[in-house]
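# Breakdown of the fold
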Amino acid sequence: QIPTAPFDTFESVDKLKDAIARGVVSFPFIWKAATLGYDGYGVKVIRSNKEVELLPEGACLTEEKVVIAQELSVIICRSPSGAVAHYPPVEMEFHPEANQVEYVLSPARVSNATAKAAEALALKVSTAFKHVGLLAVELFITPEGDILVNEVAPRPHNSGHYSIEGAYTSQFEQHIRALLDLPLGATKNKGAAVMVNLVGKE
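Here we summarise the structure given alongside this text. (Residues numbered from 1 in each chain as written. Predicted model: local features only at pLDDT ≥ 70, side-chain atom pairs only at ≥ 80, totals over all residues. Heavy atoms only, no water.)

Here we come to unusual backbone geometry. Here the amide bond leading from Phe27 into Pro28 is cis, since omega sits at -10 degrees, within 30 degrees of zero. Position of Pro28 among the secondary structure elements: in the loop between helix H1 (13–21) and strand E2 (29–33). Here the residue pair Ser106 and Pro107 is connected by a cis peptide bond, since its omega of 5 degrees sits within 30 degrees of zero. Summarising the element assignment, Pro107 is placed in the loop between strand E8 (101–106) and helix H3 (112–129). Positioned with a positive phi, Lys130 is a non-glycine residue whose angle comes to about 50 degrees. Locating Lys130 in the fold gives a position in the loop between H3 and strand E9 (133–141). Owing to a relative accessible area of 66%, Lys130 belongs among the exposed residues under this scheme. If you check the backbone angles, Asp181 has positive phi at about 60 degrees while not being a glycine. (Helix = DSSP H or I, 4+ residues; strand = E, 2+ residues; numbered from the N terminus. Buried < 20%, exposed > 50% of the residue type's maximum accessible area, 1.4 Å probe, protein only.)

Pairs can form between side chains of opposite charge once their charged atoms are near each other. Using the criterion set out here, one finds seven salt bridges in the structure. Put simply, Lys32, Glu63 and Glu151 are held in one network by salt bridges that share partners. (Salt bridge = Lys/Arg side-chain N within 4 Å of Asp/Glu carboxyl O.)

Counting 15 residues, the largest nonpolar core has Ile75, Tyr87, Val104 and Tyr162 as the members making the most contacts within it. Every element with two or more residues in this core is listed here: strand E5 (70–78), strand E7 (90–94), E8, E9 and strand E11 (193–196). Residue contacts for Tyr87: discarding those within four places in its chain leaves Val74, Ile75, Tyr162, Ser163, Ala167, Thr169, Ser170, Gln171, Gln174 and Thr187. The next biggest cluster of nonpolar side chains, apart from the first, holds 14 residues, and it includes Ala108, Leu121, Val125 and Leu139. (Core = buried A, V, L, I, M, F, W, Y, C linked by side-chain atoms within 4.5 Å. Contact = heavy atoms within 4.5 Å.)

Strand order across the open sheet formed by four strands is E1-E4-E2-E3, with antiparallel pairing between neighbours. The sheet is open, and its two edges are formed by strand E1 (7–10) and strand E3 (43–46), each paired on a single side. On average, each strand axis in the sheet is inclined to that of its neighbour by 25 degrees, with strand direction left out of account. Both E2 and E3 contribute to a ladder of four bridges, which runs antiparallel. Residue pairing for E3: Phe29 is matched across the bridge by Ile46. (Pairing = 2+ DSSP bridges. Axes fitted to C-alpha atoms, helices over the stretch in contact; angles between N-to-C directions.)

Now for H3. A rise of 1.5 Å per residue sets the reference length of H3, with its 18 residues, at 26 Å; its end C-alpha atoms lie 26 Å apart and thus fit the reference within 8%. Within H3, the full set of buried residues consists of Ala115, Ala118, Glu119, Leu121, Ala122, Val125 and Ser126. The buried residues of H3 occupy one face: seen down the axis, they fall within an arc of 165 degrees. Turned more than 90 degrees away from the buried face of H3 sit Asn112, Ala113, Lys116 and Ala128, all of them exposed. Looking at the packing, one finds that the buried side of H3 touches E5, strand E6 (84–86), E9 and strand E10 (147–153). Trailing H3 by a residue or two, Lys130 shows a phi angle of about 50 degrees, which is positive. (Expected span 1.5 Å × (residues − 1). Arc of directions from axis to C-beta.)

This is the structure in structure tokens:
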């Protein structure tokens, strides 16, 4: 009962190739590795059979390519005793080629209703996983205003780095508080904040 882009799972690239040949999967689509995907790795837009031939072996899933108006992230923190806290939704702007986040804007430029709906969906995902510590829930907002879950990251996340200076409790402190079952800190922003992601070569 969690909304996502339509998807299929495959045990191998050969199974995926067979699905393409049978017309079950059509171009373009999003390919995601079943394991070890992060920060643009293990995620590709596939537009042709030639690109399929370059995919690494292993289990994967494919998603229909959806039109995205905005991308949001909501970080949820959960302690072993069941205390839950969440940060306000942030807006993520991605580099079109590297598929990595370039800017994180906090708070997100969305209506209060959209922010509340994003928080409620992220909390639903958190409850389903029953995780301890941080869980970043990345969300797509469609032009029609629908909210879809894109990915989750069970760790401190680049969408939460702004919290080091921008929130009353940084995501790193919050993660440690959760793991040690200490009271969770306040997640409100001190003010508006922007994170610029600088990775690797110029």
